[in-house]
Amino acid sequence: MKYNKKAMTKLINQHRELHNELKKIKVEMGLEKNLAIKTLFHSMVADNGPYMKEYQELERMQ
């Protein structure tokens, strides 16, 4: 599965827990927003993550 920033941003905006996790990653790892979003993608979406199906739906809509 490929990373798509636009789809990932929409997914984060739809789920408060993803938004909170993004903020946590930025603070704990000291990453800028774009890198933190990619990190969140790999941990919560890619490889059968809990948000993979929703992410794929958002990708199809684009």
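Structure: above.
Bear in mind the structure is a predicted one, so any value in this text is a computation, not a measurement.

(A) Focus on the overall build of the chain. Of the regular secondary structure elements, the chain holds four helices and zero strands. Listed by position from the N terminus, the elements making up the chain come as α-α-α-α. Computed over C-alpha atoms, the radius of gyration of the chain comes to 11 Å, within 12% of the 11 Å expected from 2.2 N^0.38 for 62 residues, which places it in the range of a compact globule. A principal-axis box enclosing the C-alpha atoms of the chain has dimensions of 30 × 20 × 20 Å. When each of the 62 residues of the chain is scored for burial, the buried share is 31%. Within the chain, residue pairs in contact and separated by at least 24 positions form 63% of the contacts whose partners lie at least 6 positions apart. Placing the 12 positive and 8 negative side-chain charges of the chain at their respective mean positions leaves the two points 6 Å apart.

(B) Representation of helix H3 (residues 33-44) within the structure. With 12 residues, H3 extends 16 Å from end C-alpha to end C-alpha; this agrees with the ideal 16 Å at 1.5 Å per step. Turning to H3, its buried residues number three or more, namely Ala36, Ile37, Leu40 and Phe41. All buried residues of H3 project into a common sector of 145 degrees when viewed along the axis, lining one side. Contact partners of the buried residues in H3: helix H1 (5-14), helix H2 (16-29) and helix H4 (52-61).

(C) View of H4. Taken residue by residue, H4 has Met52, Tyr55 and Leu58 as its buried positions. Projected down its long axis, H4 carries its buried residues within an arc of 125 degrees, all on one side. Seen from the open side of H4, the exposed residues pointing more than 90 degrees away from its buried face are Lys53, Arg60 and Met61. In this structure, the buried side of H4 is in contact with H1 and H3.

Calculation criteria
Residues numbered from 1 in each chain as written. Predicted model: local features only at pLDDT ≥ 70, side-chain atom pairs only at ≥ 80, totals over all residues. Heavy atoms only, no water. Helix = DSSP H or I, 4+ residues; strand = E, 2+ residues; numbered from the N terminus. Rg over C-alpha atoms; globule rule 2.2 N^0.38 Å. Buried < 20%, exposed > 50% of the residue type's maximum accessible area, 1.4 Å probe, protein only. Contact = heavy atoms within 4.5 Å. Lys, Arg positive; Asp, Glu negative; His and termini not counted. Charge placed at Lys NZ, Arg CZ, Asp CG, Glu CD. Expected span 1.5 Å × (residues − 1). Arc of directions from axis to C-beta.

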